[in-house]
Structure formats: C-alpha cells, structure tokens
Amino acid sequence: MKGRIAYIASNTFREAVRDRVLYNLIAFALLLSGAAILVGQISIEIEKLVVINLGLTAVSLFGVVIAIFIGIGLVSKEIEKRTLYTVLSRPVRRWEFIVGKFFGLAGTLVVNTFFMAVGVFGALFYVSHKFVRADALILVALYFIILEFLIICSLSLLFSSFSSPLLSAVFAFSLFVIGSFAEDLRNFAGMAHGISRWLATGAAYLVPNFSAFNVISSIAHEQPVASQLVVQNTLYALFYATMALSGAVLIFERRDLK
Amino acid sequence: MPAIEILGLEKTYSVGFWRKHTKRALHPLHLTVEDGEIFGFLGPNGAGKTTTLKLLMGLVFPTAGSARILDHEWTDPVVKAQIGFLPEQPYFYDHLTAHELLEYYGQLSGVPAKQRKVRVDEVLHQVGLRDVRGVQLRKFSKGMLQRVGIGQAILHNPKLVFFDEPMSGLDPMGRREVRDLMEELKHKGKTVFFSTHILSDAEALCDRVAIVHKGELRGIGAIEDLTSSVQGKVEMVWQGSLVPASIKALGAEIHVSGDRVRAIIDENQQDAVIDILRRERQRLIAVIPVRTSLETYFVEKLRRSETTAGRTA
Amino acid sequence: MKQRRTISIVAGTCLILSLAAASVVLHHADKVRPQATLDEVLFLNSPKVIKRASLGYDGLVACIYWTRAVQYFGSRHQTYAASYNLLAPLLEITTHLDPKLVVAYEFGSSFLASKPPHGAGQPERAIELMEYGIQNNAGNWKLYYDLGFVYYMELKDYKKAADAFERGSHVPNAHPFLKVLAAQMAQHAGEYQTARMMWSATYQTSQDHQIRENAVEHLRALRVDEDVEHLQEAVTRYRERTGHLPASMAELAAAEGLHGIPTDPDGHPYKLTPEGRIEVRVPDDFPFATNGLPPGYQPQPKFHEHF
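Rules of the game
For every chain, the first residue of its written sequence is number 1, and the numbers climb from 1 along that sequence. Whichever chain is written first is A, and whichever ligand is written first is 1; the rest continue in order. A pLDDT threshold of at least 70 governs which residues receive local features in this predicted model, and a stricter bar of 80 or more applies before side-chain atom pairs are shown or counted, although totals over entire chains, interfaces and linings include all residues. All domain edges in this entry derive from an automatic or database-based domain assignment. Secondary structure follows DSSP: runs of H or I at least 4 residues long count as helices, runs of E at least 2 residues long count as strands, and numbering of each begins at the N terminus. Between the first and last residue of a helix there are one fewer steps than residues, each counted as 1.5 Å, and that sum is the expected span. Exposure classification rests on a simple neighbour count of other C-beta atoms within 10 Å of a residue's own: a residue reaching 20 or more is buried, one at 12 or fewer is exposed, and one in between is partly exposed. C-beta atoms are placed from the backbone. This entry defines residue contacts through backbone-placed C-beta atoms, with two residues in contact when those atoms are within 7 Å. Charged residues are taken to be Asp, Glu, Lys and Arg, nonpolar residues to be Ala, Val, Leu, Ile, Met, Phe, Trp, Tyr, Cys and Pro, and polar residues to be all remaining types, Gly included. Each pair of strands is called paired provided DSSP finds at least two bridges between the two strands. Viewed with both strands pointing away, a crossover whose connecting path from the first strand over the helix to the second turns clockwise is right-handed. Axes here refer to lines fitted to C-alpha atoms; in helices the fit is confined to the stretch in contact. Angles between the N-to-C directions go from 0 to 180 degrees.

S.K.: Explain the domain arrangement of chain B to me, please; I cannot follow it from the model alone.
M.R.: Interface extent is often summarised as the accessible area lost during association of the parts. Here chain B is described as being made up of domain 1 (4-228) and domain 2 (233-291). Distance between the C-alpha centres of domain 1 of chain B and domain 2 of chain B: 43 Å.

Printed below as a string of structure tokens:
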C-alpha cells in the first residue's frame, strides 16, 4: 500500500516536473531578478520591503496557479486519456490513487517553492548585501504558503474527482479567493440574523480560511509570528486537507469511469 | 476451473442533468470463458463490449450481477495482480519514455525490483519497441502507443489478459504481430479475452466468440457455428451481358458493366447459380466470397430476422 | 464490494472528524488573534494602493472594508476601548474605494468624532471625511447635516456648524429643518432643545441601526440631563426656603407640587442622596448622561446584542 502510494506520488511528481513547472520557475526568476534590480536603483529605504512583499506574493500566486492547474488535471486528465484504466486494473485501490496523487502534487509544490525561495533570498541578498536575523521570518511565511498549497491541492483534487477540468478550475480558484476573505465572510455571517446567520456561519467554516496564513506584509515589517499561530495553522492545514481528501476519496470510490 | 464467469452483470447509466433518464448499456450478461482459450468478444461499435470490460476491471460498478475471475470475486485485489488489461486506443503519460512507463506499471503491479528491469526489456523487445529508449511517449505514433499498451498488459506475466480492440490503429504488419503474440500467449497457457468489431480477426484467432449487439448477448460458440446460421454472400462474375431470368428470380443483386455481369447472391445459392450458368453456357470468371465487416453482417442478420418476424405477423 | 463499503465508512468518518477538528482549530485561532485581518490596515493603509490592488472590483472591496470598519468599531466598543486608531483609516479606505457609500460617512460623523469610549475622538478626521463625502456627493443634504453636527456637538463651533447647515439647505430637496438649524446655530440658544432636535433628526434620517441606537441613547441621556438639572434646581429652591435639605424625594415632590416621584426614561424614580444630589438609579443605562451620575463614576463595559 505504502509502496504504491509512493510510486504514484513519484510518477505524478515526475510528470509535473517534466510538464510545465520548469517554465514557471524561469518566469519567476526573471520577474524577481528584474524587480530586484529595478527597486535597487529606485529606492533605498523600502527596497527590502518591496523585495520581500513582491517575492513572497509571487511565490504564493505562482504556487496557487500551479496547484490549481495541475491539481484539477490530475484525475480528470487521467480519465480523459484513459491512463487511469491501466492503473486501476492493477492492484491499486482508488483511495491509494487519490492519496498518491496528492502527495505527488504536494511534493512538486514543495520543491518548486524551495527553488522560488532560493530566488527570494538571492534577490534579498542582492539588495541588502547581508542577511539579518529577522530574515528567518521569511521562512515562516514560506512555511505558511506551503500549508496553503496543501489545502489548495486537496481542494483541486476534490473537484477534479467529480467535475470537468474547466469547472474544477473555476471552483478551486473561487474557493481560493473566498478563502482569502474568509474572515470577512464570517463578519458578514455575524451581521445576519436567524437561519441565514446559521447557514452563513456554516459556510464560513466549510470554506478554507487563508486569512491566518497570510503573514507576508507583517513579516515584511519584521513583526514576529506567534508560535501558537504556527501550530494552529499547521493543524488547520492538516485537518482541512484530510477533510477535502476524504471527500475526494468518498466521491471517487463511487464514481463510474465512463 | 473457468477463467472468467460472468453472472448476470448488467449496467444502466443515469443520464441527463438530473440523472432522471436511464440508458441501458448492458443487459444481464451470462458468459463463461474457459482457461487457456482465446475468446473473442464481437459486436459493432457501441454494442457494450467496452462496458463489459470496464465492469470486469472494476472501472464502472454494475447495476446488478457479479463475476468471478480466476476463481476469485472479481473485485478482489488478488485478481488484479494476475490480469492484464489493454484499454481501447490507449494513451499514456506524455512525458515518460516507454521504459519508464513500463517500470512504473511494474511497480504498481508488484513486480519485484530485480525482475522488473529484465522484464521491461523483454516486453519492449516482444512488442517491437526495443529501439525507442529515451523517446517520450508524446512523440509516439498511434500504432506505437498500441504496442506500448499491449506491453503494459503482459508486463507482469498475467494469467489472463483483456484486450479491448487490440488491432485498431495498427498496420497490416502490426496486426499480424499482435495475432502472433496472442497465439504465443495461448501457447504459454494464458487465457486471452479480446474484443473486436472485425470479424476476420476473430475468425483467424478465436476458439470461441460471443456476439453482442445493443447491450445484449446474441450468440456464443465457435465462429463457424455462429456464421453457419447466417449465410454469407458470394459475388459471381461471368462474361457477357445476359442475365438469365432464373438467376434474377433467386433474388440476386445484379450489376452489368461492359461484357461483365456481377451478381451478389447468398452463399447457399452458389451451386444453383453455377448450374444455371452452365445450362445457359455462360463463361464463369470468378466466385468471390464477400467478406462483410461484423457491422454489416449484423445489420443483415437483424434485417432478416425482422422481415421474418414481419412476415409471420 | 465489502472493501468498498469499508473504505467509504473510513473516508466518511475521516471527513467529518477532520472538518470538526478544522473548525475547532479555526475557532481557537480566532480567539488568539483578534483583529488579525485588521492588522494589515497598519501596513497597507493607502487607499490609492488598495484601489489599484482591487483590480477594478473596488465596489466589492469597499463593501469588505465597510464590514471591517463596522466590525472593528463594534468589537472595540464592546470593551469600551480607549482608542479606535483603525477606524479612520478603515473608513477612508472604504470611501475612497466607493465614494458614494453614504452610510460610511454617516457612520464616521457619529463615531469618529465623539470622545472615547464612545468614539475615536478624532473630530478633525471626521470633518475631513465629511468634506470628502460632500465633494463626491454634492447633491446629498444629509452629509452637510452630518458635517454641521460634528461642528456643533464635538467642536462647539457654532459658526462653522451654521455654515454647514446653511450650505446644506441650498441643496435641492434638502430637508427644511436645515434652515431652522442654521438659524438656531446663529442664536445658539436652548442647548437641550437644539441637541434633542438634532439627535431626533439623526434618528429619523438614518437607516443604520447602530447610528439610530446611538441617537436613542443620546436622546435618553438628554432627558436625564434636563430632568436632573430641573430637580437639582428644586432642591436648591427648597433649601433656600426651608434652610435644610429635603429628607426624601417624596418630600421634594410634595413641596414642588408634583404628582408622584419623577422617573427617568426607564421608569426608575430618581433618587436623592443625603448630600442633596439627584442621581439616576442605574447609571450604566445612561452612558451619555452628564448629570445625575455618582461622583467619580466610570461606565462599565457592556455587551451589545446586535453584534
């Protein structure tokens, strides 16, 4: 079981890496180095701030786009191309396939984030010529970004397990946007009354909540992150991803692969 | 012990946005495939062949019924290690090489690492893809992909293989190789279950065939037995432009062009026509069996059974 | 088949448990980091930048910031906070994103100007906000009213208040009372009457329940202030006449020829302290009252049900 999940994961990783992830890294490198050189010339005061903000935001957005666009294709593309048939006619359980795909995609994103992070630190070094202690906070922001990716991965897999790639992309992307404003959604819920309040609160807990994951701007200002928040975000991401994956397994176990 | 025992598997799909309408893809199917035989699963496109294979592979779930494969419940994971499956028009991970793909499938099928390497090379050789190492699958032609598909189905040395339209997309040479391969598998004591809509493929290979049409089993047995119940056609060509009335009376389809007459008649009237031509002193040039594809063969068979039914009514 | 059912049960259980656990963690996290979303206002407080970043969806983003402003004020108000530093930036961002969101200006005039703990105590920023609102909504007489209100209530600048009311009265379809108010500002006589009129007008013309409730509280406090002032005068009169303080409210009432003991807006009788002071029974019920409170009284935090 473990072996098969690992094989599926590593194959997914290999496919993704050979497919288009590399292009994204090139785009990222160009963007970041260009920006670093530009701000290095324009401003002296806030160059570091700009590099951190821009770099981490780019890491996050590039990753989200990759997570969604590879994630949604993971299952539906295999059905469309009938490669899934040759996998599931082997001693591979459907849930193993889903879990393997998840780890493969998560691995892809982690490695991708690692390289982008190297880029961010490189640009940072270029503009400030040294690293200070507070720069370690960037690692926390990167960790949170990866946690966010895990949630998005699991959601795109969930949608991919029952919907067409295009619809899945729409669903996953809307959830990413909604999730970024989840706190506001709960505020809206708080202002409603009666049944609508219950429903809105339920919905607010059901959609992913990314507001706690976004610490980019506070880290750019060298604000420390509470260790409690690190623990809570980790737990939240794990639980939420498990939830979405269980949903994907539940749907996929029942699905006729027409 | 039969290799496959299908016990009333049936499948009805719900279609439409609200899933209110139903579409029956397969009527309850009962079928037994013996160990060590090459079994042809015949029918025109859309007859329910692929649905049956998907049911057996556990890719779709039956509305009712069950099956036993190699003496196990068909959904049992134990079964999956002992069977191979080639889907219709297979397509694989674009960015892998044939070698990597087979390696991956070997891992999933639980082939031990040591044997895997040897086995992958062996199989690539067997399906004629020895020389494409390092080429990614997206650069493969349809025929090459079909070969990869066959390779992955036999990779883990399964006791029973399912091929869905194994000849499609192959040139005559390739078809020949696939036939040889299936016969070789039979020699090794394997059971082969394959679907096709091309009658001649089945005729050349199968011990027994089953014929399905519109989701229903229409006949099962050795191919001669089945075709004997429905007559084939022959085309007879003679010189001249004379068409004896007695031949017309037999219901022949007649074309006259230049000094040739071509008449298409039922196979069993062949002797009668020869007799007539001899009596009329016509020079017979050729008698050619008309090979119909399974589809036209079926249309013909159905048309006949319907007209018979119409007459009796 | 049996395995499939087992997998479904395991997956279903996993789904429910992890959703529950995620909700619990989230709930917990909210307690640990209140106002966390609002922290970003500290870093990203340029309305122009936010307008650019909203990629043309500024209407929606304005609504989000408006909600944040209301939530921020509400949660700070619950605890009788001493400062409302983010209220002004939040409202400024909101109105820059959607300059036609009149309710945001009204909210600002009510809660930005008044002193903590009832508001941010930043009348200058309130005035800035109102002027910006008037610039963008020149046809809305309510904004002139709100501007005059801030000048009158918080800054006691009767001339500027009169000016604002006067400007507003020229707007087509303006409410007639703007003219009356402008005139009254000029005389600035009858403090209680003017104040009552203005708070009533606020109550009648606003749709926002928080603003209306605030107006009601002020009207109630005005009545208490006026009652206590009158009763205190009665005590003085009594003392001048008899040479000693009245022994009880009943005695005072009898001497003044009142029917029964006077009560506050909640129906509680006013009380007379041995020192001859008139006080309300429950000072917490009148957060805006200036008369009739025990010496050194501090309002206690109270929790509003409407949040």
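S.K.: In this structure, what is going on with helix α4 (residues 94-128) of chain A? I would like to understand it.
M.R.: Side chains that are three or four residues apart share a direction in an α-helix, a result of its 3.6 residues per turn. Between its first and last C-alpha, α4 of chain A extends 51 Å over 35 residues, near the 51 Å set by a 1.5 Å rise per residue. Backbone geometry just after α4 of chain A places H129 of chain A at a positive phi near 60°.

S.K.: In this structure, what is going on with the environment of G3 of chain A? I would like to understand it.
M.R.: All names here are of chain A. Note on placement: G3 falls in helix α1 (residues 2-42). Judged by C-beta crowding, with 11 C-beta atoms within 10 Å, G3 ranks as exposed. For the pair G3 and E96, spaced 93 residues apart in sequence, the C-alpha to C-alpha distance is 9.9 Å.

S.K.: What should I look at first to understand the interface of chain B and chain A in this one?
M.R.: With 24 residues of chain B at the interface, the matching set in chain A holds 20 residues. Broken down by secondary-structure element, the contributors of at least two residues to the side of chain B that touches chain A are α1 (49-57), α2 (77-80), β6 (83-86) and α3 (98-108) of chain B. The element that contributes the greatest number of residues to the side of chain B that touches chain A is α3 of chain B, accounting for 4 residues. For the side of chain B that touches chain A, the residue count by class is 16 nonpolar, 6 polar and 2 charged.

S.K.: Where do I start with the pairing of strand β8 (residues 191-196) of chain B in this structure?
M.R.: The side chains of a regular strand alternate, residue by residue, between the two faces of the sheet. Residue and element names in this part refer to chain B. When you tally the buried positions in β8, you get 6 out of 6 residues, the bulk of the element. Sheet topology note: the strand β3 (residues 38-42)/β8 ladder contains 5 bridges and is parallel. Across the sheet, the residue bridging to F41 is S195, located in β8. Pairing of strand β7 (residues 160-164) with β8 involves 5 bridges; the strand directions are parallel. Looking at the pairing, F162 lines up with F193 of β8. Note that the unit made of β7, helix α6 (residues 172-187) and β8 has a crossover that is right-handed.

S.K.: Sorry if this is basic, but what is going on with the sheet that holds strand β1 (residues 4-15) of chain B here?
M.R.: As a general point, the strands of a sheet are linked pairwise by backbone hydrogen bonds and lie either parallel or antiparallel. Residue and element names in this part refer to chain B. Taken in spatial order, the 4 strands of this open sheet run β2-β1-β4-β5, and their pairing is antiparallel. Sheet topology places β2 (21-33) and β5 (72-73) at the edges, where each strand pairs with a single neighbour. Relative to β5, strand β4 (residues 64-69) runs antiparallel, the two sharing 2 bridges. The residue of β5 that forms the bridge with I69 is H72. In this fold α1 packs onto β1, β2 and β4, with an angle of close to 70° to the strand it touches most, β2.

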